[in-house]
Amino acid sequence: MLPPPTSSFLIRKFKLLSQLSIPDAKYTDASPKGSVDVAIRELIDEINHGYEGLVTTSSCAGRVSVYLEGVKRNQDNKASGADGVEGEGEGDSEGGEDGVRASTATAAVTASSSGGKGGGEWLFVSHDPLETVDAKTGREYDGNHWMEVFGLTGNGFEPGSGDGDGDSQQEQQRLIHFKFEPMILHILTTSPSHAHLAIQSGMTSGFRETGAVSILPRLTAPFFSSCHQFHTHHNHLQQQPSSSTSTSIESVTPNPIVAIRSMGLSFESLIGVQHGSQRQSLVSLEYLSLLVKIANERFEENKKRIARFKEALRLAFGEEATTGVEGQKKKKSGDGESGNAEWEDAEARKQRKREEGLARREEVRRRKEEEKERKRREGEEKHQEQEEIKGNEGKVDLAEVVLQVPDVL
C-alpha cells in the first residue's frame, strides 16, 4: 500500500493548486502561451484532485513552433561571461503549468551562445493541429500560405544577398527552425513509491523517456550544508525518541519530480535564415506543406498517448483515483459502482481484471457451444421431418386400392 502524503508535500501541493485556481483571465506563467493548455486541462485536474500524492508543477500539451535563434555570441561576449541560454523550466516552478518549455525568449534580441536559443524569438506557436483547408473556399493551403504564417519571405537564400559585408552577415545570421514537441508533464510526488507508479504509467503509454529527479533525500540547505552536518544530524537522530525521529525523517523525505516525456514524436527541421531584417526560406513550398502534415499526424499520435497515460495512471493507482473532484466526491459519499469497496493496489486490480476477463471469455465460449448445439438439434429435427415426408409419399393406401377394383361378381 502507498504511504500517506507527508505534511511538507501537502503544503507544496496547496500552494501550487492555489495558484492554479486563479481564473484563466488573470492567470499567467512564464511560458510563451502564459496559461495551461486546454488539451490537457482535464488530465491536470484529474491528477491534482484525484490523486492525493501527486500534483503537477509544469506542463505542455504538445506544440508546433517556428523559432528564430538569438544572435550568436562573439568572442568579446564570451570573455565577459555573457550568457543567454534559454531558461528551461525545472518542473518545480509553482504556478508555471506550461513553464517546462517556458523561456526568456521575447521579441528583444540579446546575446546567446552559438546555435543557442537565448534571446531568440517565437515566430509561430500552436498547441493544436494546424488547419490545412481554407474554411471559405474549401481549398487546401499551399506552401505560400505557410510562408506567410511562419513569417518567411523569399525562397532560396543566396550568400551575399543580405545587408552589410561578409563578416557582418556571418555575425548577424540567425537560423529559423520548425519544431514539433509532444506532451511533457512534470509531476511532484510525495514518495518514491508514487513516483515509481507515475513513471511506469508514462513508460507503458508511449512516453519512453520518462524519468525522475530529486529521488534522494535533500541533504543540502536548509537541512545540511556539509557532510559533517549530515553525519552529526544522523547521530543526533539515533539518540532522539522514536516520535521525534519520525518527525525529523519526514523533513528530509524525498519528493521526486517525475517528467513524463517522449523524444520519439519530436522532430526539428531547419527551414530558414535571417540576415539583417530579411527572413528567407531555405526549403521549397512543398517541403513546408509536408512539415505541417507530419506535425498534424504527430499531434494525433500525441493525443492517443495522453489518453493512454490517463488510463495507465488510473490502473496503476487503483480505483481510489477518480475523474476530477466530482468523481472523488461520489466515491466519498458512497455513490457509484465502487463507492463502498475497499481500496485495492495495482497488482490486486490487475489480477481481478484478469480473472474477470477469463470469466467473460468462458461465458462467451459457453454461449457459442450452446448455440452450436441448438443449431445441431434443429438440423437433426428438420432432417427427420424430411425423411418422414419422403417415406409417406412412397406408401400405398390399401383402402383406396380396394375401392378402385371393379365388382366383377
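Residues numbered from 1 in each chain as written. Predicted model: local features only at pLDDT ≥ 70, side-chain atom pairs only at ≥ 80, totals over all residues. Heavy atoms only, no water.

Engineer: Would you explain the pairing of strand E1 (residues 54-60) in this entry?
Structural biologist: Regular strands place side chains that alternate from one sheet face to the opposite one. Counting buried residues in E1 gives 7 out of 7 residues, a clear majority hidden from the surface. Summarising the sheet, E1 and strand E8 (residues 184-189) pair through 6 bridges and their orientation is antiparallel. Note on E8: the bridge partner recorded for Ser58 is His186. (Buried < 20%, exposed > 50% of the residue type's maximum accessible area, 1.4 Å probe, protein only. Helix = DSSP H or I, 4+ residues; strand = E, 2+ residues; numbered from the N terminus. Pairing = 2+ DSSP bridges.)

Engineer: Could you clarify how one ought to interpret the packing of aromatic side chains in this entry?
Structural biologist: Note on aromatic pairs: each is described by the distance of the centres and the angle between the planes. Applying the stated criterion across every chain, the model contains 10 aromatic pairs. Put simply, the rings of Phe124, Tyr141, Trp146, Phe150, Phe178, Phe180, Phe267 and Phe299 pair up and form one aromatic cluster. Here the basic side chain of Lys179 rests over the ring of Tyr67, its NZ or CZ set 5.9 Å away from the ring centre. (Phe/Tyr/Trp six-rings, centres within 6.5 Å; stacked < 30°, edge-to-face > 60°. Lys NZ or Arg CZ within 6 Å of the ring centre and 35° of its normal.)

Engineer: Sorry if this is basic, but what is going on with the pattern of salt bridges here?
Structural biologist: Using the criterion set out here, one finds 17 salt bridges in the structure. As a salt-bridge pair, Glu370 and Arg366 come within 2.4 Å of each other at their nearest N and O atoms. One end of the pair is Glu370 and the other is Arg366, both in helix H11 (residues 346-394) and 4 residues apart, which spans about a single turn. Note on Arg366: relative accessible area 35%, which makes it partly exposed. Between Glu371 and Arg374 there is a salt bridge, and its shortest N-O distance comes to 2.3 Å. Note that Glu371 and Arg374 are positioned in helix H11 at a spacing of 3 residues, about one turn of the helix. You can call Glu371 partly exposed: its relative accessible area is 32%. (Salt bridge = Lys/Arg side-chain N within 4 Å of Asp/Glu carboxyl O.)

Engineer: What's the story with the confidence of the model for the protein chain in this structure? I'm lost.
Structural biologist: Parts of the model with low pLDDT should not have their predicted coordinates read in detail. The predicted model of the protein chain has a mean per-residue pLDDT of 74, with 61% of residues at 70 or higher. Contacts for the low-pLDDT stretch residues 220-250, under 50 throughout, to residues beyond four places or in other chains number 19 contacts. Note on residues 320-341: pLDDT under 50 across the span, and 23 contacts to partners over four residues away in sequence or across chains. (pLDDT = per-residue confidence, 0-100. Contact = heavy atoms within 4.5 Å.)

Engineer: What is the right way to look at the nonpolar core in this model?
Structural biologist: Note on soluble globular proteins: their nonpolar side chains tend to be buried together. Ranked by internal contacts, the top residues of the largest apolar core, which has 23 residues, are Leu43, Ile47, Met183, Leu185, Ile260 and Phe309. Per-element tally for this core: the top contributor is helix H9 (residues 285-317), with 5 residues. Here Phe309 is in contact with Leu43, Ile47, Leu185, Ile187, Ala198, Ser201, Gly202, Ser205, Phe207 and Ile260, once residues within four sequence places are set aside. Val66, Phe178, Leu265 and Val292 belong to the second largest nonpolar core, which has 22 residues in total. (Core = buried A, V, L, I, M, F, W, Y, C linked by side-chain atoms within 4.5 Å.)

Engineer: What is the right way to look at the sheet that holds strand E10 (residues 257-260) in this model?
Structural biologist: The strands that make up a sheet are held in pairs by hydrogen bonds between backbone atoms, and each pair lies either parallel or antiparallel. Pairing in this open sheet of 4 strands is antiparallel, and the strands run E1-E8-E10-E9 from one edge to the other. Bordering the open sheet on either side are E1 and strand E9 (211-213), each of which pairs with just one other strand. Strand-to-strand twist across the sheet, computed as the mean angle between neighbouring axes with direction ignored, equals 25 degrees. Inspection of the sheet shows E8 paired to E10 by 4 bridges, in the antiparallel sense. (Axes fitted to C-alpha atoms, helices over the stretch in contact; angles between N-to-C directions.)

Engineer: Would you mind going over the packing of helix H2 (residues 41-50) against H9 with me for this structure?
Structural biologist: For any two helices packed against each other, the geometry comes down to the angle between their axes and how far apart the axes lie. Packing of H2 against H9 leaves a shortest axis separation of 11 Å and a crossing angle of 15 degrees. The angle between H2 and H9 falls in the class roughly parallel. For the pair H2 and H9, the sense of crossing is left-handed. Between H2, through Glu42, Leu43, Glu46 and Ile47, and H9, the contact on the second element is made entirely by Ile306, Phe309, Lys310, Leu313 and Arg314. Across the contact of H2 with H9, the residue classes tally to 5 nonpolar, no polar and 4 charged. (Parallel < 35°, antiparallel > 145°, perpendicular 65-115°, else oblique. Left-handed = near helix turned anticlockwise from the far one by under 90°. Nonpolar A, V, L, I, M, F, W, Y, C, P; charged D, E, K, R; others polar.)

Engineer: For this particular structure, what's the right way to read the pairing of E8?
Structural biologist: With 6 of 6 residues buried, E8 lies mostly within the body of the structure. What you see with E8 is no split at all: Ile184, His186 and Leu188 on one side and Leu185, Ile187 and Thr189 on the other are buried throughout.

Engineer: Would you take a moment to explain the environment of Gly50 for this structure?
Structural biologist: Within the secondary structure layout, Gly50 lies in helix H2. Accessibility expressed as a relative area gives 8% for Gly50, which makes it buried.

Engineer: Can you walk me through the environment of Trp122 in this structure?
Structural biologist: On the secondary structure map, Trp122 appears in strand E5 (residues 121-126). On the accessibility criterion, Trp122 (15% relative accessible area) is buried. As for Trp122 and Leu68, which are separated by 54 residues in sequence, their C-alpha atoms are 6.2 Å apart.

Engineer: Would you mind going over helix H6 (residues 192-204) with me for this structure?
Structural biologist: Because an α-helix completes one turn every 3.6 residues, residues spaced three or four positions apart along the sequence face the same direction. Taking 1.5 Å per residue, 13 residues should reach 18 Å; H6 reaches 18 Å between its end C-alpha atoms and fits that length. Regarding H6, the residues found buried are His194, Ala195, Leu197, Ala198, Ser201 and Gly202. End-on view of H6: buried residues confined to an arc of 165 degrees, all on one side of the axis. The secondary structure elements touched by the buried residues of H6 are E1, E8, E10 and H9. Directly beyond the C-terminal end of H6, a positive phi value near 110 degrees is found at Gly206. (Expected span 1.5 Å × (residues − 1). Arc of directions from axis to C-beta.)

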